[in-house]
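The residues making up each chain are set out below.
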Protein chains: 2
Amino acid sequence: MAREFSETTITDAVIERMATTPDPRTLEVLTSLVTHLHAFARETRLTVPEWMNAIEFLTRTGQTCTDTRQEFILLSDTLGLSMLVDVINHATGGTESTVLGPFYVPNIAVSPNGSDITNGRRGQPMLVESQVTNIAGTPIAEALVEVWHSDDAGFYDVQQPELPFPALRGTFRTDERGRFSFWSIYPHFYPIPTDGPVGEMLMATKRHPFRPAHVHFMISAPCHERLVTHVFTHGDPYLDSDAVFAVKHSLVNTFAEMPAGPAPDGRTLDRPWRHLAYDFRLVPS
Amino acid sequence: MAREFSETTITDAVIERMATTPDPRTLEVLTSLVTHLHAFARETRLTVPEWMNAIEFLTRTGQTCTDTRQEFILLSDTLGLSMLVDVINHATGGTESTVLGPFYVPNIAVSPNGSDITNGRRGQPMLVESQVTNIAGTPIAEALVEVWHSDDAGFYDVQQPELPFPALRGTFRTDERGRFSFWSIYPHFYPIPTDGPVGEMLMATKRHPFRPAHVHFMISAPCHERLVTHVFTHGDPYLDSDAVFAVKHSLVNTFAEMPAGPAPDGRTLDRPWRHLAYDFRLVPS
C-alpha cells in the first residue's frame, strides 16, 4: 500500500522504502531504528504535543553542543546508552573500558612525562605513575596517553573559559618501558552540567546529577584496541549511583594519601599529596 | 546492582533510577524510550564508531534548525514517525489530518478573504474557496485558517530569504458563513531539503526526496480540535511515494483547470487558472 497508512502498515512502508539502501549494515541499523522508534510511539500512544516537546528537546540538545560541550553524548550517557554500547563492544582481557563522556578534547600537545598539568589550578597535589602493557605484560612504548579530569570543585577546563586552557588535561607518550607519569590535583565528585536539556530531564525525573571522582584516560597504540576508561577514587559517595552508570569494580582504585615530603620523582611536597599507581593493559586489535 | 552493569542489567538500572519521577506519564514515556533505545543497541550490536556517527548526526540535525527550518521535524517526517503520531491521534469524523512539515511559520498577520498571497511570486493563478463547518455541517465563523505552500519550482518563502516574505503563506478568518478564500499560484511537487543531515540519510538509502504538490492548512476554532492537514493535487506523480508518507485518499483533490475569463469573485484572468473548492469539517474537542 503506497498511501493511507495505518498504525501498523506505516512501519512496513518506511522499511520497504529503505530497501534500496546499498550498504547492508546501514539497512540493518535503520530497519531496527525505525522498528523501535515506531514501537515506542505506538506503545506510549504518543500525543502530538509530546511529539512536539521531543522535537524541541532534541533541537535544543543539538544547539547546546559547542566545540567543547557535547550535550548529545551527555544525553546518551544519562540514558545508559553509552555504557550499554561500551559493554556490547567491550574487549575482554585488558583493562576495562568505560564511557568517553562529553569533555574530551582531541589534539592536545604532548607533554614530557612527569609534567605538571594543573596550569595554575589549585588543589591537593596528585602524582599519577603508570605502565602500559599488552595482555601478556609486555610494555608498550610510544603509546599515546590522553588524560583529562575535573578540578576539586568538579569543573573541567572547558567549563571555565575565563581560565587558562588546557588545564587538568594532557597528552603523554609512554617511554621504552611503557611508563608515563604526570602531576595534577586530586579530583572531586561533581555534577554533570544541568543548565541544558539533560538537566531538564534530570529535573523531571528527580535524579541527582553527580558523578564519582575520576580521571579519564584514552590510550592508543598501533595493533591494539584503543582504550577509553576512567580510574575512580575509592570511597567516593557516588560510586553506586553514578549519573551515567559508568562505574566498574576494576576501575575503582586507591589514590593513596601520602605525607608531606619527597615524592618518588624527586619533587618535595610541603603538604600531604595523593599517589595513583595504576597500570593499563591493552588488548590486541 | 549499583555498578558493573551487564548488557541486560543496565536497562533495568536506568529505569530504576527514573523511579523517582513524580509525573506518571513522564515515567511511562521515558521507560518505554529507554527500553526501545537499549533494545535497538543490543539488537544491532551497535559499535562505538556507529554510536559516534549517530551522536554527530543528531548534533548536526539540531544545528541545522533555524527559526525557519526544522530539520528534526523533517527527520521525524522521513522516518514515518510524524505520520504514525498523526494516525495514533487522529480524530475521526472530520477532515483527515496529516503532517505539519518543517515549513510552518506561526503568527502571520490576518489578510482579508479573497486576498492574493503571492507577494510577487509568478505561476499559474489559483483560487481557493472553502467553507469550514463542524461535523454536523454547521458553519464555523471566525475560525483561524493558516495556509502555506511551495511555488511552482517547489520552494517555500522561508527557503528564499532574498525574496519578499511572507509569500504563498497567509492567515484568514472565516466569515459568518464559515467561508474563506484567497488567490495564490498552483503548487508543484518538490524535493524536501537535501543539503542537511536528512539529505545524508536519503542519500545513504537511495530514497528520492520528492513530495507530491499540496497546500498546507491549519485550522483553529474554539471548542474544536485544531486541524493540521494538506490538500494534494490529483494526478501528481509522487502521490504513491511521498517522501514523508503523508498522503491520504480523502486529501487528494482536483484543482480544476479553468479557462481564461472571469473568476467567481469578479477577477478576470487573461490565461487559464486553477480552482480548488474544498471544504473542511472540524471535530469537537
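All of these numbers come straight from a predicted model, not from anything done at the bench.

## Here's the deal with the environment of B:Val29
Argument step 1. The topology assignment puts B:Val29 in helix 2 (residues 24-44).
Argument step 2. Residue classification places B:Val29 among the buried positions, given a relative accessible area of 16%.
Argument step 3. Once residues within four sequence positions are removed from consideration, B:Val29 is found in contact with A:Phe40 and A:Thr44.

## Things to note about the interface of chain B and chain A
Interfaces are often sized by the amount of accessible area the parts lose when they come together.
Argument step 1. Each partner contributes residues to the interface: chain B has 76 residues there, and chain A has 76 residues.
Argument step 2. At the boundary of chain B with chain A, total buried surface from both sides reaches about 7100 Å², with 66% on carbon and sulfur atoms.
Argument step 3. Sorting the residues of chain B by area buried against chain A places B:Arg3, B:Arg17 and B:Trp51 first, and these three jointly supply 11% of that buried surface.
Argument step 4. Where chain B packs against chain A, one counts four salt bridges.
Argument step 5. Here B:Asp240 makes a salt bridge to A:Arg3, at a shortest N to O gap of 2.8 Å.
Argument step 6. Here chain B is connected to chain A by 37 residue pairs in polar contact (both at pLDDT 80 or more).
Argument step 7. Of all the secondary structure elements, the ones that give two or more residues to the side of chain B that touches chain A are helix 1 (9-17), helix 2, helix 3 (48-64), helix 4 (71-78), helix 5 (81-88) and helix 6 (197-205) of chain B.
Argument step 8. With 17 residues, helix 2 of chain B is the single largest residue contributor to the side of chain B that touches chain A.
Argument step 9. Here the residues of the side of chain B that touches chain A sort into 38 nonpolar, 22 polar and 16 charged.

## Describing the pairing of strand 14 (residues 273-277) of chain A
All names here are of chain A.
Argument step 1. Among the five residues that make up strand 14, four are buried, leaving the element largely enclosed by the rest of the structure.
Argument step 2. In the sheet, strand 2 (residues 125-134) pairs with strand 14 via four bridges, with the strands oriented parallel. Along strand 14, the bridge assignment pairs valine 128 with leucine 276.
Argument step 3. Sheet topology places strand 11 (residues 256-258) next to strand 14; three bridges connect them, and they run antiparallel.

## A short note on the relation of the copies chain B and chain A
Argument step 1. Overlaying chain B with chain A gives an RMSD of 0.0 Å, the required rotation being 180 degrees about an axis along which the chain moves by 0.0 Å. Such a combination of turn and shift is consistent with a two-fold rotation axis. Residues of chain B ranked by C-alpha distance from the rotation axis are headed by B:Gly62, positioned 2.0 Å from it.
Argument step 2. When the interface residues of chain B are mapped onto chain A, 100% of them again fall at the interface, so both copies present the same face.

## Considering the nonpolar core
Argument step 1. Core analysis: the biggest nonpolar cluster contains 144 residues, and A:Phe217 and B:Phe217 have the highest contact counts within it.
Argument step 2. In this view, A:Phe217 contacts A:Val128, A:Val145, A:Glu146, A:Val147, A:Trp148, A:Phe180, A:Phe182, A:Leu227, A:Val228, A:Thr229, A:Val231 and A:Phe280; residues no more than four positions away in its chain are not counted.

## Examining helix 1 of chain B
Argument step 1. Three or more residues of helix 1 of chain B are buried, namely B:Ile10, B:Thr11, B:Ala13, B:Val14 and B:Arg17. The buried residues of helix 1 of chain B occupy one face: seen down the axis, they fall within an arc of 160 degrees. Opposite its buried face, helix 1 of chain B presents the exposed residues B:Asp12 and B:Glu16, each directed more than 90 degrees away.
Argument step 2. Where helix 1 of chain B is buried, its residues touch helix 4 (71-78) and helix 5 (81-88) of chain A together with helix 2 of chain B.

## Points about the packing of aromatic side chains
Residues and elements named next belong to chain B.
Argument step 1. Summed over the entire model, instances satisfying the criterion amount to 29 aromatic pairs over all chains.
Argument step 2. Ring geometry for phenylalanine 172 and phenylalanine 182: centres 5.3 Å apart, planes at 10 degrees, overall stacked. Of this pair, phenylalanine 172 sits in strand 4 (residues 169-173) while phenylalanine 182 sits in strand 5 (residues 179-185), and the two are 10 residues apart along the sequence. Across the pair, exposure class does not vary: phenylalanine 172 and phenylalanine 182 are buried alike.

## Some points on the domain arrangement of chain A
All names here are of chain A.
Argument step 1. What the domain assignment reports for chain A is domain 1 (9-68) and domain 2 (81-282).
Argument step 2. The C-alpha-based centres of domain 1 and domain 2 are spaced at 34 Å.
Argument step 3. Between domain 1 and domain 2, the contact holds five residues from the first and seven residues from the second.
Argument step 4. Here domain 1 and domain 2 share an interface that buries about 490 Å² over both sides, 62% of which is from carbon and sulfur atoms.
Argument step 5. Applying the counting criterion to the domain 1 and domain 2 interface returns one salt bridge.
Argument step 6. Notably, a salt bridge pairs arginine 60 with glutamate 200, separated by 2.7 Å at the nearest N-O pair.
Argument step 7. Seen at the junction of domain 1 and domain 2, the total is one residue pair in polar contact (both at pLDDT 80 or more).
Argument step 8. Within the side of domain 1 that touches domain 2, the residues separate by chemical class into one nonpolar, three polar and one charged.

## Some points on helix 6 of chain B
Argument step 1. By the burial criterion, the buried members of helix 6 of chain B are B:Pro197, B:Val198, B:Gly199, B:Met201, B:Leu202 and B:Thr205.
Argument step 2. At its buried positions, helix 6 of chain B is contacted by helix 2 (24-44) of chain A together with helix 3 and helix 4 of chain B.
Argument step 3. At the exit of helix 6 of chain B stands B:Lys206, carrying a positive phi of roughly 55 degrees.

Conventions used here
Residues numbered from 1 in each chain as written. Chains lettered and ligands numbered in written order. Predicted model: local features only at pLDDT ≥ 70, side-chain atom pairs only at ≥ 80, totals over all residues. Heavy atoms only, no water. Helix = DSSP H or I, 4+ residues; strand = E, 2+ residues; numbered from the N terminus. Buried < 20%, exposed > 50% of the residue type's maximum accessible area, 1.4 Å probe, protein only. Contact = heavy atoms within 4.5 Å. Buried area = accessible area lost by both parts, 1.4 Å probe. Salt bridge = Lys/Arg side-chain N within 4 Å of Asp/Glu carboxyl O. Polar contact = N/O pair within 3.5 Å; in protein donor to acceptor, adjacent residues only side chain to side chain. Nonpolar A, V, L, I, M, F, W, Y, C, P; charged D, E, K, R; others polar. Pairing = 2+ DSSP bridges. Least-squares fit on C-alpha atoms with pLDDT ≥ 70 in both. Core = buried A, V, L, I, M, F, W, Y, C linked by side-chain atoms within 4.5 Å. Arc of directions from axis to C-beta. Phe/Tyr/Trp six-rings, centres within 6.5 Å; stacked < 30°, edge-to-face > 60°. Domains from an automatic or database assignment.

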